[in-house]
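The chain contents come next:
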Amino acid sequence: MKRGPKSPMLRFLLRRGLSLAATLFLVITLAFLLIRLAPGGPFASEKQLPPEILASIQRRYHLDESVPRQYLRFLGDLAHGDLGPSYRYQDFSVDELIRDALPPSMTIGALALLLALVGGVSLGTLAALRQNSWLDYTAMALAVVGISVPLFVLGPLFKLGFALRHPWLPTSGWIDDRRGWLTLILPVATLTLPYLAGIARLTRASVLEVLRSDYVRAARAKGLSEPVVVLRHVLRGALLPVLSYLGPACAGILTGTVVVETIFAVPGLGRLSVQAAINRDYTLIMGDVIVFAVLLVLMNFLVDLGYGFLDPRIGHGADAP
Amino acid sequence: MTAGRGARWVLLALLAARALCAQDFVFNNGPEPQSLDPARTSGVPETRISDALFEGLVVNDARTGAPVPGLAERWTISPDLKTYTFTLRATTWSDGTPLTAQDVVDAWLRVLEPRTGAPYAYLLGDSIQGASAFSHGRGPAADVAIRALDPRTFRVTFVGPLPYALAMLTHNAFMVTPSFAVRRYGPGWTRPGHFVGNGPYVLKAWKPQNKVVVVKNPRYWDARDIHLASITFLAIEDQNVAYDKYLAHEIDYATEDAIPTARIDEIRLRPDYHHVPGSTVYYFLFNVTRKPFDDVRVRKALAMAIDRQELVDGVLKAGEVATAGFVPTMGGFHTTRGNAFDLDQARRLLAQAGYPGGRGFPPCTVVYNTSARHRTICEWLQQTWRRGLGIDVQLQNLEWNTFLDTKQKTHAFQLARASWLADYPDPSNYLDLFRTGAGNNDGRYSNPAFDRLMARAETLAPGPVRDRTLEQAETLLVDQDQALIPLFFYVNKFLLDDRRWGGIYANTIDIHHPRWWFAR
């Protein structure tokens, strides 16, 4: 007799939990080894440190030990939730730096994702319902631009148009600046546009397909009003491809924050990670890698959960008929 | 109250508010500071902040950069230039604790202590009697020749005559830090709330990657002459982002970190552009142990094929000063003429070395750290040598840390980009780089005659004899041995609207102490 959780949902959660732990362990181990393979080190500088000073610093951070010992020490500290001190930013621990950097990145990322989703689905649906109208053409032309222009071009263009030529918005900074919440607009807009465009195109295509399906014709034949048909029947079927797109989109937005945060001087995790890599700040790189990995795995997990809600035929248990 | 009087009050209030707002000074400070503890930092962004938060015995004058009284109100120097006695001002730390000469002793000892890991401990170790032994763990703290003679008198004795001691004492490593706060709070003593300092400003907020905010220190000995209510140091590493912020009036002052080389044509025409030649030298370093640069004729040929004036006038354009010598002129010391541009002689030397017209020249790579400016200079050099000498060098850009590893550790390069900014204004600080076995001797240059001259200069009192000795050493290094190709001295540059702000002047050492800044 099989033992274990009875509910398929519980079993699904357990299985995903285990695979999450395994993925994280693999990512941590690989990252730990890879960063030590990169030339240079955290305390390299143009004016070299005298050997005895360097030795004293390395002793302080246990960098004089063998790599396997450093690895075990790191895992031990990690088990206690301690990511250690930053090598570069000596007055802060990695925990503190990430705690400060996470909210700006999450704010920008979540807003961009939300706007891309709401805006993209609305625009795509409207374009499909008014196929071959001026609305359709305009929306799709915009979408092509959004998809093909990279963030590092889009960001400076927005800045030039809305902050430099016309001083409506601040060029960069964060919400604790003189200009407050206005600083959010340009980075969020930059990060939103490509994903909004992608979602709009996907939604349009899949809404068009669903509109021609039998069950929609049946719903209309029953005499249901058009908004009910679209919202309850068409969208529910049409959103599955969009949902599959959300996983990669989340990954894209996470990496996109790196570019956007640099262009708009946002004190977020993306910029912190870039600086950590440039400075060979080993502990900080590890912290960033762990946070990014957890975020990605979680997002994919949420997307999987979403499938079940949109389409009950997709179960979470292996034994589902 | 009549309507007219009401309006007048409103106007007055507005003017007062504007005056208050105007005293809030915001600027880009480059990358996020590594630490706010002056004992543990060495970079320019960190120094700007510690100049606001702490004060050493002497500070740099705003216009000339020369040392002027700081925490010390006056001093006497012994005739042999070895012993300096300082009289401190009667003042307190920002928390009200009296500041005494013993605080200076404790702060300097903390820099020397090996476990502090101070990158500039050697600056004290090499110059103060007994300091080197203590910093290597071989001698007691009591043997370090720094003494608090009474609460307001501090005395330091150097290993030899030190004519540039006062200039050296303006360095971060000699700042006075509160040992009592370090003991109480550990590494977190630099955080807002725990912070204690003795500078014109005190720490109010520190948000990593975002900003450091300092406010006026009411307990500063000269608080009446501090005219800004607060200074915000923004952490922005990207030059274009920072320059855009200046254009949009979001920052009041644009340091060098906000002046993108690619936009210098537009920037140098601005009325608020300030610049003056500096003392940082830009050069290319030969690895003299690698072919073909183990042959001095090849090194000279490459150096003499370069028209540096064309480089600074036609390519760099920000006001840099071309130089074939390595050490800038300072005091009685004069830069060597070096091997100036002479294409015919360069071609002859190359032919003598066995590569007439560049034929048979072995493959050669120039390494530089990734940056648009370095790439431009390297490409110009590549073209210059191809046109003038018929040789083809490869360019290789390396990410910063990889570049340092290549240059300093593996020495796996033939020709590498380099620059040097002196820690204190003395020619020896430049020339020491090339002594046999020196820590920063990345090109592995070694010439016993050069080493002998440098050792001799150490024993000499300042004056013409010492200057001539150092000049001979530079001539040997550059004119005779061509261990490097000096190209130009950097230009110190920034953007500031003089009609609104004052106290920041272009100077040779490029240090602008926040104590002098004011709003007009």
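Placed above this text is the structure.
Attention here is on the structure that accompanies the text.

### Quick word on the overall build of chain B
The secondary structure content of chain B amounts to 17 helices and 21 strands. Radius of gyration (C-alpha) of chain B: 25 Å, near the 24 Å computed for a compact globule of 520 residues. Projected onto the principal axes, the alpha-carbon positions of chain B cover approximately 90 × 65 × 40 Å. Across the 520 residues that make up chain B, the buried fraction comes to 58%. Counted over contacts in chain B with a minimum sequence separation of 6, partners at least 24 positions apart contribute 67%. For chain B, the centre of its 57 positive side-chain charges and the centre of its 54 negative side-chain charges are spaced 2 Å apart.

### Let's talk about the pattern of salt bridges
Opposite charge on two side chains allows them to pair when their charged atoms are near. Enumeration over the complete set of coordinates arrives at 37 salt bridges over all chains. Close ionic contact of aspartate 91 of chain A with arginine 40 of chain B constitutes a salt bridge, the shortest N to O distance being 4.0 Å. Of this pair, aspartate 91 of chain A sits in the loop between α3 (67-79) and α4 (94-129) while arginine 40 of chain B is found in the loop between β1 (24-28) and α2 (44-53), placing the two residues in two different chains. Both residues of the pair, aspartate 91 of chain A and arginine 40 of chain B, count as buried. Note that aspartate 214 of chain A is salt-bridged to arginine 217 of chain A, the shortest N-O span being 3.6 Å. One end of the pair, aspartate 214 of chain A, and the other, arginine 217 of chain A, are both in helix α8 (residues 214-221), 3 residues apart, so they sit about a helical turn from each other. Exposure class is identical for aspartate 214 of chain A and arginine 217 of chain A. Each is exposed. By sharing partners, the salt bridges in this structure join Asp91 of chain A together with Asp37, Arg40 and Arg110 of chain B into a single network.

### Structural notes on the pairing of strand β11 (residues 211-216) of chain B
All names here are of chain B. Sheet topology places strand β10 (residues 201-207) next to β11; 6 bridges connect them, and they run antiparallel. Bridging from a neighbouring strand, alanine 205 pairs with valine 213 of β11. Once β10 ends, the chain turns through 3 residues before running back antiparallel as β11, passing glutamine 209 with a positive phi of about 70 degrees.

### What about the nonpolar core?
With 105 residues, the main nonpolar core has Phe25, Leu57, Phe86, Trp108 and Phe154 of chain B as its most contacted residues. Residues contacting phenylalanine 25 of chain B, with those up to four places away along its chain left out, are Leu228, Ser230, Ile231, Thr232, Asp252, Tyr253, Leu496, Trp501, Ile504 and Trp517 of chain B. Grouped together as the second largest cluster of nonpolar side chains are 40 residues, Leu196, Val207, Ala249 and Val266 of chain A included.

### Topic: the interface of chain A and chain B
With 48 residues of chain A at the contact, the number on the chain B side is 56 residues. Both sides of the chain A and chain B interface together cover about 4,200 Å² of buried area, and 43% of this is carbon and sulfur. When residues of chain A are sorted by the area they lose upon contact with chain B, Glu46, Lys47 and Asp91 of chain A head the list and together hold 18% of the total. Across the chain A-chain B interface, the total number found is 7 salt bridges.

### Some words on the packing of helix α16 (residues 448-459) of chain B against helix α17 (residues 464-480) of chain B
Describing two packed helices takes the angle between their axes plus the distance from one axis to the other. All names here are of chain B. Taken N-terminus to C-terminus, the directions of α16 and α17 make an angle of 160 degrees; their axes are 9 Å apart at the nearest point. With respect to α17, the element α16 is oriented roughly antiparallel. The hand of the α16/α17 crossing is left-handed. Every residue of α17 that contacts α16 at Ala449, Phe450, Leu453, Met454, Arg456 and Ala457 is listed here: Val465, Arg466, Thr469, Leu470, Gln472, Ala473, Leu476 and Leu477. Grouping the constituent residues of the contact of α16 with α17 by class yields 10 nonpolar, 2 polar and 2 charged.

What counts, and at which threshold
Residues numbered from 1 in each chain as written. Chains lettered and ligands numbered in written order. Predicted model: local features only at pLDDT ≥ 70, side-chain atom pairs only at ≥ 80, totals over all residues. Heavy atoms only, no water. Helix = DSSP H or I, 4+ residues; strand = E, 2+ residues; numbered from the N terminus. Rg over C-alpha atoms; globule rule 2.2 N^0.38 Å. Buried < 20%, exposed > 50% of the residue type's maximum accessible area, 1.4 Å probe, protein only. Contact = heavy atoms within 4.5 Å. Lys, Arg positive; Asp, Glu negative; His and termini not counted. Charge placed at Lys NZ, Arg CZ, Asp CG, Glu CD. Salt bridge = Lys/Arg side-chain N within 4 Å of Asp/Glu carboxyl O. Pairing = 2+ DSSP bridges. Core = buried A, V, L, I, M, F, W, Y, C linked by side-chain atoms within 4.5 Å. Buried area = accessible area lost by both parts, 1.4 Å probe. Axes fitted to C-alpha atoms, helices over the stretch in contact; angles between N-to-C directions. Parallel < 35°, antiparallel > 145°, perpendicular 65-115°, else oblique. Left-handed = near helix turned anticlockwise from the far one by under 90°. Nonpolar A, V, L, I, M, F, W, Y, C, P; charged D, E, K, R; others polar.

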